[in-house]
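# Working through the structure, step by step
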Amino acid sequence: MKLIYVLSVLFAFLCCNLISSKDILADSKYSETEVPDGGTIIGNVKYMGELAAVGLNLYRDWELSDTSKTTSEKLICSKVNSGLKNAVVSLKDITQGKKKIIPAIHPIIDQQNNYFIPHVIAIVSGTTVDFLNGDEQMHNIHTRSTRNQPFNFGTTYKQRISKKFDYPEIIKITCDLHKNAYAWIVVLDHPYFDATDRNGYFEICDIPPGTYTFQVWHEELGTLEKEVTVHPKETTTIEFVYSQN
Amino acid sequence: MKKFGIGLCLSAMLFTSAAWAAELPPKKETPPDLYEGTPDWYRATYKDNVGLREGSGPFKDYFKPQMLDMYWQPNRHYEPMKNLDHSIFIEKERRDLCITCHEEATPGVVRDWRGSGHKNPKSTPYLSARTSEIEKRTNRILNEVDCFDCHADTKKKQIRMPTGEVCGECHRPQFDDFLREREMGRPNHIQSWEANTIVPWYAEAARRGYLYGQHGCDLCHSGAEKCDVCHTRHKFSAAEGRQPEACITCHMGPDHPDAESYGESKHGVIYHKEEEHFDFNRPLSEVRPGKDYRTPTCQFCHMYEKHGRFIHNPVMKGIWRMGTIPPKNLEYTSSLKDYPYGIKIIGDKIDIYSEENIAKRSYWLEVCAKCHSDRFADTYLKSLDEFMFQAHTLADRAQKIVEDLIADGYLYPSAADRDPYPLSDGIEKQLSPAFLGEPIYNAFKTLKGKFPVVGPILGVYGMFIQQQDNPSNIENMYNRLWFWYKLQGYKGTAHVQQDVSWWWGQAPMMMEFTKIQSEAARLRREGRIEKVTLTK
Amino acid sequence: MKPKVLLNKVSFWCVTAVTSAALMQSIAPVTANEVKIPTEVTDLGKDTYKKYCSPCHGEEGKGDGPVARSMLPKPRDFTRGAYKFRTTPSGSLPTDEDIYRTVSFGVPNSTMIPWDILTEEQRASVIPVLKSFSEAFEVRKPDAPVEVGLRVRPTEKCLAEGKKIYEEKLECWKCHGIEGRGDGPSAAEQEDDFGFPIKPFDFTTGKFKGGNSPQDVYLRFTTGLNGTPMPSFAKELTDEERWCLTYYVMSLIKPEETKK
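Residues numbered from 1 in each chain as written. Chains lettered and ligands numbered in written order. Predicted model: local features only at pLDDT ≥ 70, side-chain atom pairs only at ≥ 80, totals over all residues.

### Looking at the overall build of chain C
- Assigned secondary structure in chain C consists of ten helices and zero strands.
- Residues counted as buried form 50% of the 260 residues belonging to chain C.
- Restricting to contacts in chain C with at least 6 residues of sequence separation, those with at least 24 account for 64%. (Helix = DSSP H or I, 4+ residues; strand = E, 2+ residues; numbered from the N terminus. Buried ≥ 20, exposed ≤ 12 C-beta atoms within 10 Å, placed from the backbone. Contact = placed C-beta atoms within 7 Å.)

Here is the structure:
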C-alpha cells in the first residue's frame, strides 16, 4: 500500500510535468492567419497500372463469414476514370494559412465485418478520433506510433474509444484478431489536405496565393510531388498520376 | 557380482571391472591429465593454450589452426567469446542464471541436460550408487551437476569448453582407463590429432592454402580425446556410448570402413533388426549375450579387455592395429624389410605371434566364445591372419615394382624435377635425428626432400596434399592399393562382411596391382624410347 | 456428484495457490523504494549498459547486439519506447520503476535473466540509458499508473465469470487457446510491432512474463503489452471482472508442467 501511495505521488508530479511540457514539445511550424483571397485546388489522383484480381481466401477466418470473398483494400481504383481512392493530398511546405479547425464532432473509424471503415482518414493534429466496434465479436485497435502515444485496446460490440492525436505522423491501425483489417490515420499539423473519394477527387480551399509543393501519399504506391501555383480566388485543377511502377 | 559394482560411475561408460581397481593401491589423487607421461615438447605443442594464434604439433609454427579448432581442441585453442562477458556469472557462481538464460538461448542444450544423469544423479538406485562413489572420491555432495561445474573456469573467470580432464575430475576410473590408450600407441583416440599433425603434410597443406580442405579429417581426428565424441552433449548418456552408432559416425570410409563392414555383416544386420530389444542401459560387464544383446556391438567386442573384464577404451586388444603396419612374420622383397627405416615416430613392425599378441588373441576368443565355439572362432581369426599376410605380400610386391622403377631412373617426372617431399624444410628444422633416425634425417638435410618416399606410412601424403607432380600417378596407385584396398579388405574380413572383403578389398587390390604393373611397364618403355631418341 | 466436484475444485485451488505462492517466492520482489534512479545518463549507466545489455540489445538500443541474431524472442528494440510490462495504461511509456522492475525480475521464458546479479545502483543507472534511445521519452511522458482495484475473493462464481469472459466476452481463446496453451486459431499469425512473429502466452507453463502474482496478471490485461498484439481491456471490463479473469487465467496453470 505504501508503495502505491509513493508511486501515485510520484505520478501526480509527472503529470504536472506533462502539462507544462506540452507547449514546448508541440513543434508547430504552422501559424494561423486570415486568408482573405485564398485560392482553391481541385484535382484527381489516378492510377494507371493494372489492378490485382480479386482474391478468394478460404482461410481468412476460422468461421467463414457470409462473404468469403476478400477484396483488397490496398488499392481501390474507380473503373470509370481510374481515380484512386484513399490517397491523401496535402501541401508539403506551408507555414501559415487558415485556421486549424479541430472538429467538434469526432471523426469515426468503425470496425464492421472485420474491416475498418473508413480505410484512410486524414486529420489535423489535435483531433480526437472515435473508434467503434460495430461487430458482435471481439476486436482490438492497435496503433503503432512513436510520437503520438500508441495504444492497443480490446473492444467488444458497441464499444467506443476516443483518442486524441497531437503530433503529425502516419499511423497504421490494425486488429490483431483479424489480420486483414487495418486502417491508416494521417495526422497533419496544418489544415490543407484532403483524402480522395472513390473517384480519386479531392479539393483543398483557402490556400494563400503562392507556389507550393503538393504531395500525395498512398499506402501502396508511395508519394508523388508536384509544384503548383495557387492564384488568388481562383480554382486550379491538377492531376496526379501513379503509373504502374 | 558384488565386486563388479565398485569403481564405476554414472555418466560415462561402465567397463572397468572393480576387481581390477580394488587390487591396485588407492590412486594418488593427482588432478586428471590427458597428457600424463608425455614429454615436454608434446605438452608445449598440444596442450598449452595458445588460442588461435598458432597451430599444434611439431610443425605448429607453419600454420594457424582452423577457426573451429577452438571447439575441437579446446585445451589448446579455445578462446572465450569477446562480445558477451560471462565473468560476472562465474564470480558470483550464479548457477540458476546460466539455466534461466540458456533455457531460451539454447533450449535444446538445457533440455538435453535435464534428461541427463547430471541433472538427477540420484534418480535411480543404480545411478545413486555410482554417484555416491563419486561423492566419496571427490568429497562433495552431488545433487545436481550443472553448467557451472563443467563450463566455468573459476581460475580465469571465463567460460571453458570442457575436455576429458574436466570429465575426469569426477569420472576418474573411466578417465584412467581411457588414458591407457597411450600404452598401446597409435592408432588410438587419445592421440588421433597427433595422427594429423605429427606428419608434415598437414602443415604443408595449410601452407599451400588447403587448410580448410582438411575439414573432413579434422572433424573426427581433432577432439577424439574429448568424451562427448561418444557420449554426445549434453546428455552424456552411457547407453548412447554403448550403441554402435556412437562409433560409426567416424569409423567409416575407405581407410576404416567399420560402419560399412559391421553394418552389413550378419552381426550388424541383426543389430539393426532387433535394436529395440537390446538393453543398452546395462553396463557392458553385465550384458548377457543372447538375452540383452543378440549380436555383439562394436563396444562389446572391442572394449572387452580380458577375463570377463571390460575397459573404458576400445584399443587394448588390437593386434593388426589399423592394418597399415607390416607384420614381422613375412619375408619382404621390397624395402619393407627395413621398415620402419629407423623412424621413431611410426609404429614398429607387428609380430603377430609375439607373446603379447597370442595373449590378445585368446582374449578375442573369450569374446567370441560367448556365442561361437572356440575352434570356429580360432579358425576364423587365423583365416583373417592369412588374409592379411597375403595382402601384405601383395603390397610388398607392388612396392618392389615402384621402387625398382625409381632405382632404374624411370620415374617421370623424376624426384629432382618435381616439388620436394611435403614440408622438407620444416622437417629438417623441427625434427631431430631422435625422431627420424640418423639416416632419414641426413637424407632430408642433404637432399632437401628431393627424393621419392614410397609405402607405409610416410608415403601416404599423396592422399592428403597436392604438389606439383608429387606424388606421381604410379605412387598414388600404390597408395590406393595399400592404404585403401588393403584396409577395406582387412575390415571386411575382420567384421565378416564378404562384399567389403572382396569387391572393396581384394578385387580392387589385385586390379590396382595390375595397373601398377602396366604403368611401370609404360614408364620403362617411354624411358627407353627417350634414351634412344636422345642419344641419336 | 456435487461434493466430489467441490472437492475437486478445492484441491485444484490448493494446488494453484501453492504453485503461485512457490513461483512468487522464487522471484521475490525487489522494491525500488530505496534506490535512486538517476535522471541523467551517467558513466556507470553507460558502462553497465555496454557490458551487460549491449551484447543483446545493441550499442544503440536497436535490439541488434552481436548475439541477438540467434535469439527468439528477439531482444527489445528500445527506439520505439514500447515496453511490455508496465503499470501505465495502454500505449503509455513505462515509469522508471516499471523498467527497474523488469530489469530486476527479468522476463521468464526469454533470455532476459533477472539481473539481480548487478547491484541496485547498476540496475538503476541503465534506466536513463534505455530511455535515451527513444525520442518517445522526449515528446511524451508516462501516464499515471492504472488503479489496481480492490482484489476480490477467488470464489467459484468468480472463476465461472472469468471463464465466461475468457471464452465468450473477450474471446481470449482466439489467440491463447481454450486450454490456455497459446494455440488458438489466430495464434499462428500474430506478429509484434517490429515485424517478428510472436507467440501468444501459454498459461499452462505458469511462468508469466510480467510476474506471477495475481496483481501482475491483472495488470497485464489492464495495461496491455505495448508493441505486441495483446491489447488492454481496461475499457471493456469492470474491475471485478478483471479480477475474475485473473483468477481464471491463473487456474489454467498446470502444476505438473510448471515444474518443467
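That shown, we press on.
### A word on the overall build of chain A
- Secondary structure summary: chain A contains one helix and 18 strands in total.
- Buried positions account for 36% of the 245 residues belonging to chain A.

### Points about the nonpolar core
- Grouped together as the largest cluster of nonpolar side chains are 76 residues, with contacts concentrated most on Val88(A), Val89(A), Ile185(A) and Leu245(C).
- For this core, the leading source of residues is helix α9 (residues 239–251) of chain C, giving seven residues.
- Ignoring sequence-local partners within four residues, the contact set of Ile185(A) consists of Ile121(A), Ile123(A), Val129(A), Phe165(A), Ile171(A) and Ile173(A).
- Counting residues in each nonpolar core, the second largest holds 51 residues, with Ala395(B), Ala398(B), Phe444(B) and Phe483(B) among its members. (Core = buried A, V, L, I, M, F, W, Y, C linked by C-beta atoms within 7 Å.)

### Observations regarding the sheet that holds strand β8 (residues 127–133) of chain A
Residue and element names in this part refer to chain A.
- Reading across from one edge, β6-β5-β8-β11 is the order of the four strands in this open sheet, with mixed pairing throughout. Edge strands, defined here as strands with exactly one partner in the open sheet, are β6 (115–117) and β11 (160–165). Pairwise comparison of adjacent strand axes, ignoring direction, gives a mean angle of 25° for this sheet.
- Looking at chain direction, β8 and β11 are connected through six bridges and run antiparallel. Along β11, the bridge assignment pairs Val129 with Lys163. (Pairing = 2+ DSSP bridges. Axes fitted to C-alpha atoms, helices over the stretch in contact; angles between N-to-C directions.)

### Some details on the environment of Asn479(B)
Residue and element names in this part refer to chain B.
- If you trace the backbone, Asn479 turns up in helix α26 (residues 473–494).
- Given 21 C-beta atoms within a 10 Å radius, Asn479 is considered buried.
- Put simply, Asn479 and Lys328 are 151 residues apart on the chain and 21 Å apart in space, counted from C-alpha to C-alpha.
- Discounting residues that sit within four places of it in the chain, Asn479 has contacts with Gly459, Val460, Gly462 and Met463.

### Things to note about the interface of chain A and chain C
- Contacts between chain A and chain C engage 32 residues on the former and 35 residues on the latter.
- Secondary structure elements with two or more residues in the side of chain A that touches chain C: α1 (2–25), β9 (139–144) and β10 (152–155) of chain A.
- No other element matches the ten residues that α1(A) contributes to the side of chain A that touches chain C.
- Classifying every residue of the side of chain A that touches chain C by side-chain character gives 16 nonpolar, twelve polar and four charged. (Nonpolar A, V, L, I, M, F, W, Y, C, P; charged D, E, K, R; others polar.)

### Structural notes on the domain arrangement of chain C
All names here are of chain C.
- Taken domain by domain, chain C comprises domain 1 (43–139) and domain 2 (156–259).
- A C-alpha centroid distance of 24 Å is found between domain 1 and domain 2.
- Residue-level contacts link 18 residues of domain 1 with 19 residues of domain 2.
- Grouping the constituent residues of the side of domain 1 that touches domain 2 by class yields eight nonpolar, five polar and five charged. (Domains from an automatic or database assignment.)

### Remarks on helix α3 (residues 96–105) of chain C
- Summarising burial for α3(C): ten of the ten residues are buried, a large majority.
- Just past α3(C), the residue Gly106(C) takes up positive phi, approximately 75°.

### Examining the interface of chain C and chain B
- With eleven residues of chain C in contact, the opposing surface of chain B contributes twelve residues.
- Considering only residue class, the side of chain C that touches chain B consists of six nonpolar, four polar and one charged.

### Re the domain arrangement of chain A
Residue and element names in this part refer to chain A.
- Domain boundaries assigned for chain A yield domain 1 (30–99 + 190–245) and domain 2 (101–189).
- Facing 16 residues of domain 1, the contacting portion of domain 2 comprises 13 residues.
- Residue assignment for the side of domain 1 that touches domain 2 shows that the elements contributing at least two residues are β3 (88–91) and β14 (193–195).
- With three residues, β14 is the single largest residue contributor to the side of domain 1 that touches domain 2.
- Class assignment for the residues of the side of domain 1 that touches domain 2 results in six nonpolar, five polar and five charged.

### Points about the environment of Pro185(C)
- Structurally, Pro185(C) is set in the loop between α7 (173–176) and α8 (214–223).
- For Pro185(C) and Trp173(C), which are twelve residues apart along the polypeptide, the C-alpha to C-alpha distance reads 8.1 Å.

### Some thoughts on the pairing of strand β2 (residues 39–47) of chain A
All names here are of chain A.
- Within β2, seven of the nine residues are buried, which leaves it mostly tucked inside the rest of the structure.
- Pairing analysis gives five bridges linking β2 to strand β15 (residues 201–207), with the strands arranged antiparallel. Note on β15: the bridge partner recorded for Ile42 is Glu203.
- Taken together, the eight bridges between β2 and strand β18 (residues 235–242) define a ladder with parallel strand orientation. Residue pairing in the sheet places Ile41 in a bridge with Thr236 of β18.

### Concerning the packing of helix α6 (residues 95–105) of chain B against helix α7 (residues 107–114) of chain B
Residue and element names in this part refer to chain B.
- At a minimum axis distance of 5 Å, the contact between α6 and α7 shows a crossing angle of 120°. The angle between α6 and α7 places the two elements in the oblique class. Counting all contacts with α6, which are made through Ile99, His102, Glu103 and Glu104, the residues of α7 involved are Pro107, Val109 and Val110.
- Its residues placed into classes, the contact of α6 with α7 shows four nonpolar, one polar and two charged. (Parallel < 35°, antiparallel > 145°, perpendicular 65-115°, else oblique.)

### Quick look at the confidence of the model for chain C
- The predicted model of chain C has a mean per-residue pLDDT of 84, with 85% of residues at 70 or higher.
- Across residues 1–7 of chain C, where pLDDT falls below 50, the model places zero contacts with residues more than four positions away in sequence or in other chains. (pLDDT = per-residue confidence, 0-100.)

### Observations regarding the sheet that holds β18(A)
All names here are of chain A.
- The strand order across the open sheet built from three strands is β15-β2-β18, with neighbouring strands paired in mixed fashion. Strands at the two margins of the open sheet, each flanked by one partner only, are β15 and β18. Sheet twist, expressed as the mean angle between neighbouring strand axes with direction ignored, is 20°.

### A word on unusual backbone geometry
- Cis geometry is found at the peptide bond from Ile117(A) to Pro118(A), where omega equals -5°.
- The omega angle of the peptide bond from Asn470(B) to Pro471(B) is 0°, so this bond is cis rather than trans.
- Locating Pro471(B) in the fold gives a position in the loop between α25 (438–447) and α26.
- Of note, Arg321(B) is a non-glycine position whose phi angle comes to about 55°, a positive value.

### Re the confidence of the model for chain A
Residues and elements named next belong to chain A.
- In the predicted model, chain A carries a mean pLDDT of 80, and the fraction of residues at 70 or more is 79%.
- Contacts from residues 9–26, a stretch scored under 50 in pLDDT, to residues over four places away or in other chains number ten contacts.
- Here residues 64–70 is a poorly scored stretch, pLDDT under 50, and it has nine contacts once near neighbours within four places are set aside; other chains count.

### Thoughts on the packing of helix α2 (residues 43–57) of chain C against helix α4 (residues 120–132) of chain C
Residues and elements named next belong to chain C.
- Contact pair α2 / α4: the axes reach a minimum separation of 8 Å and the direction vectors enclose 95°. When the axes of α2 and α4 are compared, the pair comes out roughly perpendicular. For the pair formed by α2 and α4, the contact residues are Leu44, Gly45, Lys46, Thr48, Tyr49 and Cys53 on the first element and Glu121, Gln122, Ser125, Val126, Pro128 and Val129 on the second.
- Residue classes in the contact of α2 with α4 are distributed as six nonpolar, four polar and two charged.

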